[in-house]
Number of protein chains: 2
Amino acid sequence: MDADFWIAADWGTTYLRAWMMSGATVVAELKSDRGMGKLRPADFEPALLELIEPWLAGRENVEVLVCGMVGARQGWIETPYMATPTAPGSPGAAVNAPVRDGRIEVRILPGLCQANPPDVMRGEETQIAGLVLEQPGYSGIVCLPGTHSKWVHLNTGIVQGFQTFMTGEVFELMSKGSVLRHSITDTGWDTEAFIFEFRATLANPASLWANFFSIRAQALLADTAPGVARARLSGMLVGAEFAAAGVAAADAPITIIGDEPLAIIYRDAFKLIGIEPSVVEAKKATLLGLCAARSTMKGDRT
Amino acid sequence: MDADFWIAADWGTTYLRAWMMSGATVVAELKSDRGMGKLRPADFEPALLELIEPWLAGRENVEVLVCGMVGARQGWIETPYMATPTAPGSPGAAVNAPVRDGRIEVRILPGLCQANPPDVMRGEETQIAGLVLEQPGYSGIVCLPGTHSKWVHLNTGIVQGFQTFMTGEVFELMSKGSVLRHSITDTGWDTEAFIFEFRATLANPASLWANFFSIRAQALLADTAPGVARARLSGMLVGAEFAAAGVAAADAPITIIGDEPLAIIYRDAFKLIGIEPSVVEAKKATLLGLCAARSTMKGDRT
């Protein structure tokens with residue numbers, strides 16, 4: 001058996017992703033839709049075992065290192081928030097989750113918080129730690145687009161502060177739950193419509209609130225091609241996010257941590273304002289961050 | 001029997017309200033939650049009869065005059081939109097709804113549309129017609145707060161243009177469907193929190209997108225009194241609406257058509273920026289508008 005066998009996991013609100021690891025190498029990968037948002041505290045251990053059972057045959061005390069919303073108050077067990085300014089990834093504050101099965105030992109990493117303005121994150125700090133592992137002393141902005149987009153300011157590898165934008169969640173709510181749902185298709189995209197609304201909202205964020213309903217009215221009064229309404233709403237919301245993040249005034253390097261298609265939509269939006277960001281795949285950043293945390297913990301213990 | 005017997009109705013997305021009328025006098029009033037949003041075309045006549053049946057005994061050809069979303073494409077029968085600039089309330093374009101029951105004759109009033117920027121309304125035009133009936137030649141802004149708030153510009157009784165804001169709908173979606181639901185109580189209100197966020201967003205609308213998530217983070221990191229989160233979100237959204245409406249720069253008279261508590265929240269928000277609006281009760285405006293439309297139709301016919 002592999003002496004350096006362990007399990008890395010990213011347990012968010014919607015999904016649980018697990019990787020069978022040999023040192024820093026991924027041996028296998030599994031995914032479940034039993035995100036923390038659907039689970040009560042007693043459900044977490046069974047949900048994890050259900051996914052990783054095939055990897056545990058004949059083993060005991062397998063190290064499982066987890067990041068994400070699983071450490072929230074409504075999660076498996078609450079882990080602390082490390083206050084900014086701080087280095088991302090502080091495995092010393094990891095919390096042991098209560099388990100009955102002797103085959104696993106589960107540790108959950110802490111999140112990050114900022115006192116003023118109040119903000120919190122769980123999971124993204126591990127991705128940022130992965131970026132800093134690859135680019136020691138990173139200074140600049142890290143943009144992590146998603147349900148709750150995070151914009152994180154780092155100076156020489158230290159997180160100075162961050163902002164959360166509910167862009168993805170508001171997009172889902174408005175496109176599926178509001179009157180706009182009658183006009184917004186599930187698929188389809190119109191790049192020109194996105195660019196137009198992104199630029200307009202970035203230039204005049206106050207206009208945002210007046211423009212939402214025009215998506216519905218335009219569809220009622222004129223024939224619009226499929227995908228136009230969807231791209232218009234997205235352009236408005238991403239434009240509002242960029243305006244609020246004050247990115248146009250920033251001259252720091254920008255790195256996007258994310259996956260397609262969102263990472264590409266954001267990268268192209270940055271290009272529209274003359275910024276060429278780097279893009280790091282989310283899974284890669286998460287795994288690097290979990291490996292870094294594990295190394296530190298092993299170092300701590302020796 | 002009363003020779004001037006008729007039925008007035010306001011049939012919106014959520015509710016159907018009907019009034020038994022004798023000329024311009026309300027004799028009785030009924031309300032049903034069978035809004036047009038829940039009905040297919042064939043359901044409208046039964047839903048109406050279910051409500052007003054008690055008023056129809058021994059009558060035939062009772063005039064029923066209806067305004068609201070019932071005239072939308074997904075409604076009973078589609079009525080046209082009158083294009084701005086136009087006088088509010090154009091009963092000549094009313095459409096007869098198909099009915100089987102000989103006791104009723106149903107006419108649905110048209111809506112209003114604006115080509116650029118694209119916008120539409122159904123129901124509010126009748127309330128505005130009611131206001132103009134009471135204040136002939138009204139010039140100024142009419143603000144109708146609600147699920148979809150409308151801000152309407154009138155000059156000598158003519159609607160010049162209008163803007164729709166999805167403030168009420170986004171408030172409902174975010175407070176009940178987003179991560180903020182964990183922090184927002186169903187009731188409770190903190191006036192100071194509302195005022196703070198209203199002023200902050202009005203002064204700097206770009207900040208809106210950065211502030212939503214702070215409602216959740218503040219609740220996680222600090223104890224906040226019940227009602228604070230609810231009032232904060234409302235203050236942000238109403239502030240964004242006022243900023244987008246450009247109201248601070250307006251020096252026209254402002255009339256709010258609405259009901260408590262929303263009409264009072266908006267009135268107090270206007271007062272914060274030094275504006276003292278008039279407030280007209282929504283039901284009163286609707287009934288006046290329906291009476292005005294009926295008078296015009298009777299005049300048209302003779």
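Residues numbered from 1 in each chain as written. Chains lettered and ligands numbered in written order. Predicted model: local features only at pLDDT ≥ 70, side-chain atom pairs only at ≥ 80, totals over all residues. Heavy atoms only, no water.

A.B. asks: What is the right way to look at the overall build of chain A in this model?
C.D. replies: A tally of regular secondary structure across chain A gives 8 helices and 14 strands. Relative to a compact globule of 302 residues, whose C-alpha radius of gyration would be 19 Å, chain A shows 21 Å and is just as compact. Overall size of chain A, expressed as C-alpha extent along the three principal axes, is 65 × 40 × 30 Å. Counting only residues that meet the buried cut, chain A has 57% of its 302 residues in that class. When contacts within chain A are restricted to residue pairs at least 6 apart in sequence, long-range pairs at least 24 apart make up 64% of them. For chain A, the exposed area adds up to about 12,400 Å²; of that, 52% sits on carbon and sulfur atoms. Averaging the positions of the 25 positive and the 33 negative side-chain charges in chain A gives two centres separated by 3 Å. (Helix = DSSP H or I, 4+ residues; strand = E, 2+ residues; numbered from the N terminus. Rg over C-alpha atoms; globule rule 2.2 N^0.38 Å. Buried < 20%, exposed > 50% of the residue type's maximum accessible area, 1.4 Å probe, protein only. Contact = heavy atoms within 4.5 Å. Areas by Shrake-Rupley, 256 points an atom, 1.4 Å probe, with all protein chains shown as cover. Lys, Arg positive; Asp, Glu negative; His and termini not counted. Charge placed at Lys NZ, Arg CZ, Asp CG, Glu CD.)

A.B. asks: Please clarify how the sheet that holds strand E5 (residues 81-83) of chain A should be interpreted in this entry.
C.D. replies: The strands making up a sheet associate through hydrogen bonds between their backbones, and the pairing can be parallel or antiparallel. One open sheet holds the 3 strands; their spatial order is E5-E8-E9 (chain A), and the pairing between them is mixed. Edge positions in the sheet fall to E5 and strand E9 (119-121) of chain A, since each has one partner strand and no second. The mean angle between the axes of side-by-side strands here comes to 25 degrees, regardless of whether they run parallel or antiparallel. Judged from the 3 bridges that link them, E5 of chain A and strand E8 (residues 111-114) of chain A form a sheet pairing that is parallel. In the strand pairing of E8 of chain A, Ala83 of chain A is matched with Cys113 of chain A. Contacts from helix H5 (residues 208-221) of chain B reach E5, E8 and E9 of chain A within the one sheet, and its direction differs from that of E9 of chain A by about 85 degrees. (Pairing = 2+ DSSP bridges. Axes fitted to C-alpha atoms, helices over the stretch in contact; angles between N-to-C directions.)

A.B. asks: Looking at this structure, I do not really get the domain arrangement of chain A. What am I missing?
C.D. replies: All names here are of chain A. Here the domain parsing of chain A yields domain 1 (1-110) and domain 2 (123-302). Between the C-alpha centres of domain 1 and domain 2 the distance comes to 26 Å. Taken together, the contacts link 28 residues of domain 1 with 23 residues of domain 2. In this structure, the connection of domain 1 to domain 2 is made through 4 salt bridges. Lys283 is paired through a salt bridge with Glu29; the nearest N and O atoms lie 2.9 Å apart. At the boundary of domain 1 with domain 2, the tally comes to 4 residue pairs in polar contact (both at pLDDT 80 or more). (Domains from an automatic or database assignment. Salt bridge = Lys/Arg side-chain N within 4 Å of Asp/Glu carboxyl O. Polar contact = N/O pair within 3.5 Å; in protein donor to acceptor, adjacent residues only side chain to side chain.)

A.B. asks: Sorry if this is basic, but what is going on with the pattern of salt bridges here?
C.D. replies: Side chains that differ in charge, positive against negative, can pair when their charged atoms come close. For the structure shown, the criterion picks out 28 salt bridges over all chains. Among the salt bridges present, the one from Asp101 of chain B reaches Arg103 of chain B, with a minimum N-O distance of 2.8 Å. Close ionic contact of Asp268 of chain B with Arg267 of chain B constitutes a salt bridge, the shortest N to O distance being 3.2 Å. The class of Asp268 of chain B is partly exposed, set by a relative accessible area of 35%. For Arg267 of chain B, a relative accessible area of 24% corresponds to the partly exposed category. Among the ionic contacts, a cluster of salt bridges with common partners joins Asp4, Glu63, Arg294 and Lys298 of chain A.

A.B. asks: Even after reading the chapter, I still don't get the packing of aromatic side chains, so can you show me in this structure?
C.D. replies: Each aromatic ring pair is summarised here by two numbers: the centre-to-centre distance and the angle between the ring planes. This structure, assessed with the given rule, holds 24 aromatic pairs over all chains. Aromatic side chains Phe198 of chain A and Phe242 of chain A sit 5.1 Å apart centroid to centroid with 85 degrees between the ring planes, which places their arrangement in the edge-to-face category. Remark: Phe242 of chain A occurs in helix H6 (residues 228-245) and Phe198 of chain A occurs in helix H4 (residues 191-203); sequence separation between them is 44 residues. Per residue, the accessibility class of Phe198 of chain A equals that of Phe242 of chain A, and both read buried. On the numbers, 5.9 Å between centres and 50 degrees between planes, the contact of Phe242 of chain B with Tyr266 of chain B is tilted. One end of the pair, Phe242 of chain B, is in helix H6 (residues 228-245); the other, Tyr266 of chain B, is in helix H7 (residues 262-272), and 24 residues separate them in sequence. Relative accessible area serves as the criterion here: at 0%, Phe242 of chain B is assigned to the buried category. (Phe/Tyr/Trp six-rings, centres within 6.5 Å; stacked < 30°, edge-to-face > 60°.)

A.B. asks: Can you help me understand the relation of the copies chain A and chain B in this one?
C.D. replies: Here the second copy of the chain follows from the first by a rotation about an axis and a shift along it. Of the two same-sequence chains, chain A is brought onto chain B (RMSD 0.0 Å, axial shift 0.0 Å) by a rotation of 180 degrees. Seen this way, the second copy is the image of the first under a two-fold rotation axis. With an isologous cut-off of 70% or more, the 100% of interface residues of chain A that recur at the interface of chain B puts this contact in the isologous class. (Least-squares fit on C-alpha atoms with pLDDT ≥ 70 in both.)

A.B. asks: Help me understand the interface of chain A and chain B, please; the structure alone is not making it clear to me.
C.D. replies: With 41 residues of chain A in contact, the opposing surface of chain B contributes 41 residues. Each partner contributes to the roughly 3,500 Å² buried at the junction of chain A and chain B, and carbon and sulfur atoms together form 75% of this total. Area buried by chain A at its contact with chain B is led by Met166, Trp209 and Phe213 of chain A, which between them contribute 24% of it. The interface formed by chain A and chain B contains 6 residue pairs in polar contact (both at pLDDT 80 or more). Residue assignment for the side of chain A that touches chain B shows that the elements contributing at least two residues are E8, E9, strand E12 (158-165), helix H3 (167-177), helix H5 (208-221) and H6 of chain A. With 11 residues, H5 of chain A is the single largest residue contributor to the side of chain A that touches chain B. Among the residues making up the side of chain A that touches chain B, the classes are represented as 25 nonpolar, 10 polar and 6 charged. (Buried area = accessible area lost by both parts, 1.4 Å probe. Nonpolar A, V, L, I, M, F, W, Y, C, P; charged D, E, K, R; others polar.)

A.B. asks: Where do I start with the side chain of Ser207 of chain B in this structure?
C.D. replies: Residue and element names in this part refer to chain B. With respect to the helices and strands, the residue Ser207 is situated in the loop between helix H4 (191-203) and H5. A polar contact is formed between the side chain of Ser207 and the backbone oxygen of Asn204, at a distance of 2.7 Å. Once residues within four sequence positions are removed from consideration, Ser207 is found in contact with Ala200 and Thr201.

A.B. asks: Looking at this structure, how should I read the sheet that holds strand E3 (residues 25-32) of chain A?
C.D. replies: Residues and elements named next belong to chain A. The sheet built from 6 strands is open, its strands ordered E3-E2-E1-E4-E7-E6 with mixed pairing. Of all the strands in the sheet, the pair left with one neighbour each is E3 and strand E6 (95-96). Pairing analysis gives 7 bridges linking strand E1 (residues 5-11) to strand E2 (residues 16-22), with the strands arranged antiparallel. Within E2, the residue paired with Ile7 across the bridge is Met20.

A.B. asks: Teacher, can you tell me more about the packing of H5 of chain A against H6 of chain A here?
C.D. replies: All names here are of chain A. Orientation of H5 relative to H6, taken along the N-to-C sense of each, is 175 degrees, at an axis distance of 10 Å. Considering the angle they form, H5 stands roughly antiparallel to H6. Here H5 contributes Leu208, Asn211, Phe212, Ser214, Ile215 and Gln218 to the contact with H6, which in turn contributes Val228, Ala229, Arg232, Leu233, Met236, Leu237 and Ala240. Among the residues forming the contact of H5 with H6, the class breakdown is 9 nonpolar, 3 polar and 1 charged. (Parallel < 35°, antiparallel > 145°, perpendicular 65-115°, else oblique.)

A.B. asks: What is the right way to look at the environment of Thr156 of chain B in this model?
C.D. replies: Mapped onto the elements of the fold, Thr156 of chain B is located in the loop between strand E11 (149-155) and strand E12 (158-165). Classification of Thr156 of chain B by relative accessible area gives exposed; the value is 54%.

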